[in-house]
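Reading the structure
The primary structure of each chain is shown beneath.
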Amino acid sequence: MRWPDWTPEFEYRIRIVLLAVAVLLCVALPYAVIRNNADAMMEASAWVVHSAQVKEKFHALRLALIETENTVVSRFAAVPRSIGRPDYQTTRSEIEPLFAELSEATKDNVEQQNRIGALGVVVKGRLKLYDEAMQDLAAKNFDAAAQKIRQAADLFGSREYASQILAFEDELYRQRSMRLANLTRSSRWAMTGALVAQLLLLASVMFISERQASRRRKAESRARLAVERSRIIVQSLREPIAVLDQNLRVLMTNQAFGEFYGKPEAVNREVALEELGEGSWEGPELHQRLLDVGARGRELWDYELAHRSADGIERIVLVNARRMELSDDAELGDHPGILLTVTDVTARKRYEQRIQELNEDLEKKVEQFSEVNRELESFSYSVSHDLRAPLRHIAGFSDKLGAHIGSAADDKAHHYLGVISDSARRMSSLIEDLLEYSRLGRSAFRLEPVNMNALVTDVIAMLQSNIEGRAIDWQIAQLPVVMGDRAMLRRVWQNLISNAIKYTSRRQRAEIEIGLAPSTTAEIVFFVRDNGTGFDMAYAGKLFGVFQRLHKASEFPGTGIGLANVRRVISRHGGRTWAEAETDKGTTIFFTLPGTIGPTYPVEAPHES
Amino acid sequence: MNREIRTILLAEDSAADAEMAMDALREAKLANPVVHVEDGVEALDYLLCRGSFSGRGKGNPAVVLLDIKMPRLDGLEVLKQMRSAEHLKRVPVVILSSSREESDLVHSWNLGVNAYVVKPVDVSQFFSAVQTLGQFWAVLNEFPQE
């Protein structure tokens, strides 16, 4: 069997059972004990009385005997019969009934009965002698009479029997009185004990009931406070709230409801909902839906309505309604009401509309933009295909022409053919660079974590053929992992590092440092520093332009697209690019990427060049 | 092994490119005849033995050298139709293009091209590229019996 859970309900039951047991112990048990005691006392007291009666009868018997004897003796002595003295027959006739009574009274005691029987025999013998003495006296035979009187006293002495009977009955009386006294005493104790126990029980019942009453008072006060708090909350809510009965009559509203529908005083009388808000609540569908809420508990969820509020503004509201039990007493049966809340979403609607308009604008712009992009795409596609073919033909056929005329032409002719061919090749590589630049600007951008150290190491390994036989001191700091497009960032490092290698080619010992510069904003500043030719800072503004070169092509080859590509990639990542340089001392190219490095990350401070 | 001589089909709209390619193949001294067509439609006509090529002998070319940008039907469309025709599915196709546009590369490989070569600007490089292609596909490469 499983024990029931220890709930308050269970505790209450246990308490009732305990109380019942206590009542039984303190009231019923003493009652039974006292009742029993009282019965015993009654009986004991009856026995005491009985003993007293036996004694009394016995004494009466003896008196009768003595009197009888006296009448005989008085006769004998010729004592004149005084007035009022009983005669022999009268006294003698009293004896037998008394015997009978005594015998009856001592029925309960065999011993006493035996003694009384013996006494009866003696008394009978004596009475017989007295009778004979009386006859003798009547016959004036005084001697015989005297003899018989003597014989009666000698033969039938009754004193011994009488004293035995009396002593026995006295003993009985004593014992019975003692028993009665004992019973009286114990009964007094039992009553006192019962009284004490009952007083204790009463006190504890009073204590418990007082405690429960105090608890109930506290709980009631708490409930009152809670109700008051909820009322204040409901009243101070800015959402209009109303409670309706099943017939859509307003039972209660909060302040916001009153303000919204122009009835600032709380509605006390039961107004119909339609009377509020100048027709805002009319309309058969809403009506039916609200009635359904009350009748079937079907919730009304975000029902949108256009309302004119008290300040005359057209508002969009969402109406929510649910069934709510109004009756305090569940036993009184169902008494459902409707809790109605109104949410003003006018501002939200307005914003939503604005957002939608903006979105439409944006979509149009995106459309235009992608149109432009498509055109750009097809432009670069056609450049890629159509512009290069003629260049290839110019280069190809000038080469073939050179081979064809061979030694027939002079050096000058060959030189001209060489210039044509070189120019075509150069134009081809310019187109190639431009196409790449354009591609970096429009190709899809895929963000992923990129380990910059790994990328730098890769790029240097890839450029190994360019640095064969060169003495380069590489100083590469610990670089962070950034979020970016790996292929594009590879392009950045490739351009910057190959530039550094290129512009230090005239140094005996090239020093190339790759590191991080301190930053106060939420960006990571990378730099590549070399001790190469550098440039005049006056032209620094041109450095990142397309096909902008600060050196002669004869000194350092290149088209001047590299840094333009770097700037484009970094811009697309949301970063910045700039350069610091000094002619013949070296160049430092900086670029930033959005993000921060953890404080524990080792950052090598760049030293001034 | 009795091996039939397959043709090399060159689809190229630019006369200059075609001339250089033909010169290069001629210099490679291959036994395979070179057929030059000037656009995609002609290329398909040749491959499917129809139109002006309805009378040609049976057999697929050893390799199709295909330019992308051509009048009427471009190279990618020709490639697509070849790959969906049962008897042209396995014919080797090499795209020979001026451009290295990423979209072209992706498209070509998705359609199952066998090689994609960007025409070098330098004439000697151009020659050696075309000759290498001819040597590889017409001489080294083996086909299953049809």
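Summary of the structure given here. As the structure is a prediction and not an experimental result, all values here were calculated from the model.

A tally of regular secondary structure across chain B gives five helices and five strands. Ordered by position in the sequence, the α and β elements of chain B form the string β-α-β-α-β-α-β-α-β-α. Counting across all 146 residues of chain B, residues that qualify as buried make up 56%. If you take every contact in chain B between residues at least 6 apart in sequence, the share linking residues at least 24 apart comes to 67%. Summing over all exposed atoms, chain B offers an accessible surface of approximately 7000 Å²; the carbon and sulfur share of this is 52%.

Glancing now at the sheet that holds strand E13 (residues 586-594) of chain A. Residue and element names in this part refer to chain A. Taking strand neighbours across the sheet as the criterion, the five strands line up as E8-E10-E11-E13-E12 in an open arrangement whose pairing is mixed. Here the strands that pair on one side only, and so sit at the sheet edges, are strand E8 (472-476) and strand E12 (577-582). Direction aside, the axes of adjacent strands within the sheet are offset by 15 degrees on average. Across eight bridges, the pairing between strand E11 (residues 523-530) and E13 is antiparallel.

Residue and element names in this part refer to chain A. Here the structure, examined in full by the defined rule, presents 48 salt bridges over all chains. In this structure, Asp108 and Arg176 form a salt bridge, with 3.5 Å as the shortest nitrogen-oxygen distance. Taken as a pair, Asp108 in the loop between helix H2 (88-105) and helix H3 (110-138) and Arg176 in helix H5 (residues 159-236) lie far apart in primary sequence, 68 residues in all. We classify Arg176 as buried; its relative accessible area is 14%. In this structure, the salt-bridge partner of Arg529 is Glu513, at a minimum N-O distance of 3.5 Å. On the criterion of sequence distance, the pair formed by Arg529 in strand E11 and Glu513 in strand E10 (residues 510-517) is long-range, its members being 16 residues apart. Judged on exposure class, the residue Arg529 and its partner Glu513 are both buried.

All names here are of chain A. Considered for burial, the residues of helix H10 (residues 452-462) that qualify are Met452, Asn453, Leu455, Val456, Val459 and Ile460. The arc that holds the buried residues of H10, viewed along the axis, is 160 degrees, so those residues lie on one side. Its side-chain oxygen placed 3.0 Å from the backbone nitrogen of Asn453, Asn451 serves as the N-cap of H10.

The residue Ser428 of chain A is located in helix H9 (residues 411-442) in this model. Separated by 37 residues in sequence, Ser428 of chain A and Leu391 of chain A have C-alpha atoms that sit 6.6 Å apart. Setting aside chain neighbours within four positions, we find Ser428 of chain A in contact with Arg388 and Leu391 of chain A together with Val121 of chain B.

Quick look at the sheet that holds strand E4 (residues 93-97) of chain B now. Residues and elements named next belong to chain B. Strand order in this open sheet of five strands is E2-E1-E3-E4-E5, and the pairing throughout is parallel. Both outer strands of the open sheet, strand E2 (34-37) and strand E5 (115-118), are each paired with one neighbouring strand and no more. Sheet twist, expressed as the average angle between the axes of neighbouring strands with direction ignored, equals 20 degrees. Where strand E1 (residues 8-11) lies against E2, four bridges are found, and the strand directions are parallel. Looking at the pairing, Leu9 lines up with Val35 of E2.

At Lys140 of chain A, a position not held by glycine, the phi torsion is positive, near 65 degrees. With respect to the element layout, Lys140 of chain A can be found in the loop between H3 and helix H4 (142-155). The backbone phi angle of Cys49 of chain B is positive, close to 55 degrees, even though this residue is not glycine. With respect to the helices and strands, the residue Cys49 of chain B is situated in the loop between helix H2 (40-47) and strand E3 (63-66).

Our next topic: the interface of chain A and chain B. Listed as interface residues are 21 residues of chain A and, on the opposing side, 22 residues of chain B. Between chain A and chain B the total buried area reaches about 1800 Å² when both faces are included, carbon and sulfur atoms providing 52% of it. When the buried area of chain A at its contact with chain B is split by residue, Tyr381, His385 and Arg392 of chain A rank highest and sum to 35% of it. At the junction of chain A and chain B, the tally comes to five salt bridges. Between Lys400 of chain A and Asp23 of chain B there is a salt bridge, with its nearest N and O atoms 2.8 Å apart. Linking chain A with chain B are nine residue pairs in polar contact (both at pLDDT 80 or more), by the criterion used here.

The next subject is H4 of chain A. Along an α-helix, residues three or four positions apart point the same way, because every turn accommodates 3.6 residues. The first and last C-alpha atoms of H4 of chain A sit 19 Å apart over 14 residues, in line with the 20 Å expected at 1.5 Å per residue. In this structure, the buried residues of H4 of chain A make contact with helix H1 (8-76) and H3 of chain A.

This part is about the environment of Gly560 of chain A. Residues and elements named next belong to chain A. Take Gly560: it is sitting in the loop between E11 and helix H12 (562-572). For Gly560, a relative accessible area of 18% gives the class buried. For Gly560 and Gln548, which are 12 residues apart along the polypeptide, the C-alpha to C-alpha distance reads 5.2 Å. Contacts of Gly560, omitting those with residues within four sequence positions, involve Gly545, Val546, Phe547, Gln548 and Arg549.

Right, let's talk about the pairing of E12 of chain A for a bit. All names here are of chain A. Here E12 shows a clear split, with Thr577, Ala579 and Ala581 buried on one side and none of Trp578, Glu580 and Glu582 buried on the other. Direction of pairing for E12 relative to E13: antiparallel, over a ladder of six bridges. The residue bridging Thr577 from the neighbouring strand is Phe591, located in E13.

This next bit is on the packing of H1 of chain A against H3 of chain A. Residues and elements named next belong to chain A. One can describe the packing of H1 onto H3 by two numbers: an axis separation of 10 Å at closest approach and a directional angle of 20 degrees. The orientation of H1 with respect to H3, classified from their angle, is roughly parallel. Where H1 crosses over H3, the two elements pack in a sense that is left-handed. Along the contact surface, H1 presents Phe58, Leu61, Leu65, Thr68, Glu69, Val72, Arg75 and Phe76, while H3 presents Leu119, Val123, Arg126, Leu127, Tyr130, Ala133, Met134 and Leu137. A per-class count over the contact of H1 with H3 returns 12 nonpolar, one polar and three charged.

Basis of the calculations
Residues numbered from 1 in each chain as written. Chains lettered and ligands numbered in written order. Predicted model: local features only at pLDDT ≥ 70, side-chain atom pairs only at ≥ 80, totals over all residues. Heavy atoms only, no water. Helix = DSSP H or I, 4+ residues; strand = E, 2+ residues; numbered from the N terminus. Buried < 20%, exposed > 50% of the residue type's maximum accessible area, 1.4 Å probe, protein only. Contact = heavy atoms within 4.5 Å. Areas by Shrake-Rupley, 256 points an atom, 1.4 Å probe, with all protein chains shown as cover. Pairing = 2+ DSSP bridges. Axes fitted to C-alpha atoms, helices over the stretch in contact; angles between N-to-C directions. Salt bridge = Lys/Arg side-chain N within 4 Å of Asp/Glu carboxyl O. Arc of directions from axis to C-beta. Polar contact = N/O pair within 3.5 Å; in protein donor to acceptor, adjacent residues only side chain to side chain. Buried area = accessible area lost by both parts, 1.4 Å probe. Expected span 1.5 Å × (residues − 1). Parallel < 35°, antiparallel > 145°, perpendicular 65-115°, else oblique. Left-handed = near helix turned anticlockwise from the far one by under 90°. Nonpolar A, V, L, I, M, F, W, Y, C, P; charged D, E, K, R; others polar.

Purely geometric numbers; function is a separate question.
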